[in-house]
Amino acid sequence: MGNRGMEDLIPLVNRLQDAFSSIGQSCNLDLPQIAVVGGQSAGKSSVLENFVGRDFLPRGSGIVTRRPLVLSLTHYFKCCTFWKKFTDFDEVRQEIEAETDRVTGANKGISPIPINLRVYSPHVLNLTLIDLPGITKVPVGDQPADIEHQIRDMIMQFICRESCLILAVTPANTDLANSDALKLAKDVDPQGQRTIGVITKLDLMDEGTDARDVLENKLLPLRRGYIGVVNRSQKDIDGKKDIRAALAAERKFFLSHPAYRHIADSMGTPHLQKVLNQQLTNHIRDTLPAFRSKLQSQLLSLDREAEEYRQYRPDDPSRKTKALLQMVQQFSVDFEKRIEGSGDQVDTVELSGGAKINRIFHERFPFELVKMECDEKEMRREISYAIKNIHGIRTGLFTPDMAFEAIVKKQVVKIKEPCIKCIDLVVQELINTVRQCSDKLDSFPCLREETERIVTSHIRDRESKAKEQVLLLIDVQLAYINTNHEDFIGFANAQQRSSQANKKSSAGNQVSVLVIRKGWLTINNISIMKGGAKEYWFVLTAESLSWFKDDEEKEKKYMLPLDNLKVKDVEKSFMSSKHMFAIFNTEQRNVFKDNRFLELACDTLEEVESWRASLLRAGVYPERAVESESSGPSENFSMDPQLERKVETIRNLVDSYMAIVNKCIRDLMPKSIMHLMINNVKEFINAELLAQLYSAGDQNALMDESQEQVQRREEVLRTHHALKEALAITGDISTTTISTPLPPPVDNSWLSAGAGSRR
């Protein structure tokens, strides 16, 4: 070509492939290359053999090329340690067949893993091509029924890359307009900037027909045009006809054919090889700056990690001791940040660590306390039994305080279950936090396992102490019922409680409304005629539940007063992915229009529990399981007026005292758990974890790396070295070279329309 800079570009790509072959990334580099695409038996492999000048590709029925073959032709010999050297082309064919069968099996299977073949010869031009499997329609052997789609997908993996030129091979004795190769090329290269047409089997056309208009780029034009070639026939192949003789026969064919003699100099395999050499060289020159920038960015991203690994000494004892100290210190810092909160590494998907524990303290635990309360009917039945049993055979004149204490103690005992459950939830979250913090210890599996074991064992130990302390708090409440508490209403005021509550309620209507919660909820049981389930913006206050069209709160759809409302569970429907709960009126009134229940849905169970806790703050309590009326004696429901007054008095006293107990427990539980568990675990990790690790066994064994980390370090160092070498290679080449400009666009709408004429 008379341009030394250009001649060096194709060997440059080969050198880049060599640089990356040792790390197995040559397939992902997106290097400039030419992909040979065509139907089965279109003559693709014969074209490649003509380039080489020797027979070396497998022959047979079915799909011959079952794996992509990367063929590199070069003048200059360079032996690499990771390449296998051959001098006999029959051995090359056998090696290709054996390597193909090794990956795909012996019965016509296919694979996208390429075979790399480099041919060194002084008789070839520098060129790199990829021979892809031929497009087929009918499966053979063990091939799946969708073999056509598999081959198309494999071809698309290569030709969709902007750095890939497409050599579309079509036999002359078929309809060019229906060429699968050209159709695939059109899909990924609609402007025709990367597509080169090749017409084979010109000598097999029917007598009296020719492809002159096609080869002159007049009939079905391509931007880069067409080049015609004549390969050896099957008879020539079977007769072992020399390829050099075949090339001479090809030249004679074009010079003697009346339709092609005027364009003979631009036809044939030698001319095709020259054109491809020039086109690939131009393409490499155009894509090289972007490729160099990509290499530079990859190198920068690995620089810091590679430098750390380069100074790494796996067997250095001082290194292991230093790494152990750093790992434990980092684990301690991460644990404290997750519990106390920090601005870095914030989880934006779900609550975790300290935020999750805070929610357990102030939403989940109060909700569990209320769930354990008895319903009104059951409470009154128990009070009436207690009063009657205390009086015995006598008819008492006064309300017995022993009945009050008996009922209160029974209610206090019930608090144990939600308290224990609260501790269990906190323990589970602490263990989850430990596991999340130990993710950074993945490089040292023994250290991670031992750290998790030690800290988890300590958490379990503190769990038992915390449960003992919490049960002691409940026992302390049971030991003495303090009726002199300043917040206790006392017997004198118990009967006036209802009237005072009513006055307070009426006075509360005059003050500003407290907004408890806002958010999106889905109403499930809207009329199907109006669109079924629909999402609204809900606003919960201390007095009502309102919903709006959107979060701007301009168009209010409905406002539901909270009086006499309760919450009940609703089973998740089979067709819905949402979690549901329902609101209903205890007086059997419709809640919303004609609906007795208002079914509300959230995306997660956690949201449902959070809404239920907010409704609890607003005074909307969960539904209680009510015993069957037939299970109790009839006197439970027909008491004399004097007994009813006593029951009402004790009921108000129990409410008042349990409010004091619940307030105390709700305050002491978070404090006890923080002191006995969370703060203690933090102190243990800071002060004791390192000593426990040293006493656990061999520190060298603790700091043994995982096999994955060893592989990662080696891979990073190899990749970093290969990138530096590739940048050095690309830096040696000047891109200010002479090249042939791309031909102007042509009308290739025939590819889209699928129309054409027979030749």
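See the structure shown above.
Since we're looking at a predicted model, the values are computed, not measured.

Student: Describe the sheet that holds strand S1 (residues 33–38), and please don't skip the residues or the numbers.
Tutor: Sheet strands line up and pair through hydrogen bonds in the backbone, either parallel or antiparallel. Here seven strands make up an open sheet; going across it, the order is S3-S2-S4-S1-S5-S6-S7 and the pairing mixed. Both edges of this open sheet fall to strand S3 (115–120) and strand S7 (226–228), since each of them pairs with a single strand only. Direction aside, neighbouring strands of the sheet carry axes that sit 25° apart on average. Across six bridges, strand S5 (residues 164–171) lies against strand S6 (residues 195–200) in parallel orientation. When the bridges of S6 are listed, Val-169 appears paired with Val-198.

Student: Could you give an account of the pairing of strand S4 (residues 127–131), with specific residues and numbers?
Tutor: Among the five residues of S4, five are classified as buried, and the element is accordingly described as predominantly covered. Covered by surrounding structure in S4 are Leu-127, Leu-129 and Asp-131 together with Thr-128 and Ile-130, the residues of both alternating faces. By the bridge criterion, three bridges tie S1 to S4 in an arrangement that is parallel. Residue Ile-34 lies in a different strand from S4, and its bridge partner there is Leu-129. Taken together, the five bridges between strand S2 (residues 69–74) and S4 define a ladder with antiparallel strand orientation. Across the sheet, the residue bridging to Val-70 is Ile-130, located in S4.

Student: Could you give me a rundown of the side chain of Asp-131, with the residues and numbers involved?
Tutor: Inspection of the secondary structure puts Asp-131 in strand S4. Buried Asp-131, no salt bridge; nearest opposite-charge side chain is Lys-44, N-O distance 4.7 Å. At 3.3 Å, the side chain of Asp-131 forms a polar contact with the side chain of Ser-45. Discounting chain neighbours no more than four positions away, the residues touching Asp-131 are Val-36, Lys-44, Ser-45, Leu-48, Leu-57, Thr-65, Arg-67, Pro-68 and Leu-69.

Student: A description of the pattern of salt bridges should follow, citing residues and the corresponding values.
Tutor: Tallying each qualifying case throughout the model produces 30 salt bridges. For Arg-359, the salt bridge is made with Glu-609, and the minimal N-O distance between the two is 3.5 Å. Separated by 250 residues along the polypeptide, Arg-359 in helix H12 (residues 354–371) and Glu-609 in helix H19 (residues 605–617) bring together distant segments of the chain. Taking the relative accessible area as the measure of exposure, Arg-359 reaches 9% and is therefore buried. Looking at Glu-609, the relative accessible area reads 19%, which means it is buried.

Student: With reference to specific residues and values, describe the packing of aromatic side chains.
Tutor: Going through the model one piece at a time under the given rule, you end up with nine aromatic pairs. With a centroid separation of 5.4 Å and 75° between ring planes, the pair formed by Trp-520 and Trp-537 is classed as edge-to-face. Here Trp-520 is found in strand S8 (residues 515–523), whereas its partner Trp-537 is found in strand S9 (residues 534–541), with 17 residues between them in sequence. Overall, the relative accessible area of 14% leaves Trp-537 in the buried class. Each residue in the set Phe-538, Trp-547, Tyr-558 and Phe-592 is aromatic and connected to the rest through ring pairs, giving one cluster. Directly above the ring of Phe-158 sits Arg-161, whose terminal nitrogen or CZ lies 5.4 Å from the centroid. The positively charged end of Arg-517 is found above the aromatic ring belonging to Trp-611, 4.6 Å away from the centroid.

Student: Just give me the short version of helix H5 (residues 147–159), but keep the residues and values in it.
Tutor: Along its 13 residues, H5 runs 18 Å from first to last C-alpha, staying within 8% of the 18 Å computed at 1.5 Å per residue. Among the residues of H5, Ile-147, Glu-148, Ile-151, Met-154, Ile-155, Phe-158 and Ile-159 are the ones counted as buried. The buried residues of H5 occupy an angular sector of 130° when projected down its axis, which confines them to one face.

Student: Account for the packing of helix H3 (residues 44–52) against helix H10 (residues 269–310), naming residues and giving values.
Tutor: Two elements in contact, H3 and H10, have axes separated by 10 Å at closest approach and are oriented at 85°. With respect to each other, H3 and H10 are oriented roughly perpendicular. Contacts from Val-47, Asn-50 and Phe-51 of H3 reach H10 at Thr-269, Leu-272, Gln-273 and Leu-276. Here the contact of H3 with H10 is built from residues that sort into four nonpolar, three polar and no charged.

Student: Quick rundown of the sheet that holds strand S14 (residues 597–602)? Include the residues and the values.
Tutor: The sheet built from eight strands is open, its strands ordered S11-S10-S9-S8-S14-S13-S12-S15 with mixed pairing. The open sheet has two edge strands, strand S11 (556–561) and strand S15 (621–622), and neither has a second partner. One ladder, built from two bridges, connects S8 with S14; its direction is antiparallel. Bridge pairing in S14 places Ile-523 opposite Leu-600. Against the sheet, H19 contacts S8, S9, strand S12 (565–570), strand S13 (579–585), S14 and S15, and its axis sits at roughly 135° relative to S8.

Student: Can you break down the nonpolar core residue by residue, with the values?
Tutor: Counting residues in each nonpolar core, the largest one holds 59 residues, and the members touching the most others are Phe-404, Leu-430, Met-669 and Ile-673. Elements with a minimum of two residues in this core: helix H11 (317–340), H12, helix H14 (401–413), helix H15 (416–437), helix H16 (445–479), helix H20 (641–687) and helix H21 (689–696). Here this core takes 16 residues from H20, the largest share from any one element. If we skip the residues at most four places from it in the chain, Leu-430 touches Phe-335, Ile-339, Ile-357, Ile-459, Met-677 and Ile-678. Val-52, Leu-69, Val-92 and Leu-723 belong to the second-largest nonpolar core, a separate cluster that totals 46 residues.

What counts, and at which threshold
- In this convention, every chain numbers its residues from 1, walking through the sequence in written order.
- Selection of residues for local features in this predicted model requires a pLDDT of at least 70, selection of side-chain atom pairs for listing and counting requires 80 or more, and totals for whole chains, interfaces and linings are taken over all residues.
- Heavy atoms throughout the structure, all of them, feed into the side-chain values; hydrogens and water do not.
- The pairing criterion for strands is at least two bridges between them, as found by DSSP.
- Segments assigned H or I by DSSP are reported as helices when at least four residues long, segments assigned E as strands when at least two residues long, and all are numbered from the N terminus.
- Axes here mean lines fitted to C-alpha atoms, for a helix over just the part in contact, with angles spanning 0 to 180 degrees between N-to-C directions.
- Type-normalised accessible area, obtained with a 1.4 Å probe on protein chains alone, sets the label of each residue: buried when under 20%, exposed when over 50%, and partly exposed for intermediate values.
- A positive count includes Lys and Arg, and a negative count includes Asp and Glu. His and the chain ends are not counted in either.
- We define a salt bridge as a contact between a side-chain nitrogen of Lys or Arg and a carboxyl oxygen of Asp or Glu at a distance within 4 Å.
- Each polar contact in these results corresponds to two N or O atoms within 3.5 Å; when the atoms are within protein, one needs to be able to donate a hydrogen and the other to accept it, and residues that are neighboring in sequence are counted only if both atoms are side-chain atoms.
- In what follows, a contact means two residues having at least one pair of non-hydrogen atoms within 4.5 Å.
- Aromatic rings from Phe, Tyr and Trp, with only the six-membered ring used for Trp, were paired whenever their centres fell within 6.5 Å, and each pair was classed as stacked if the ring planes differed by under 30 degrees, edge-to-face if by over 60, and tilted otherwise.
- Two conditions define a charge located above a ring, namely a distance within 6 Å from the ring centre to NZ of Lys or CZ of Arg, and an angle within 35 degrees of the ring normal.
- Helix span is expected to be 1.5 Å times the residue number reduced by one.
- To obtain the arc, one takes the directions from the helix axis to the C-beta atoms.
- Here the word oblique covers every angle except those under 35 degrees (roughly parallel), over 145 (roughly antiparallel) and from 65 to 115 (roughly perpendicular).
- In the scheme used here, Gly and all other residues not listed as nonpolar or charged are polar, with Ala, Val, Leu, Ile, Met, Phe, Trp, Tyr, Cys and Pro taken as nonpolar and Asp, Glu, Lys and Arg as charged.
- Residues grouped as a nonpolar core are buried Ala, Val, Leu, Ile, Met, Phe, Trp, Tyr and Cys residues, joined through side-chain atoms within 4.5 Å.

Read these as layout, nothing more, since geometry by itself doesn't imply function.
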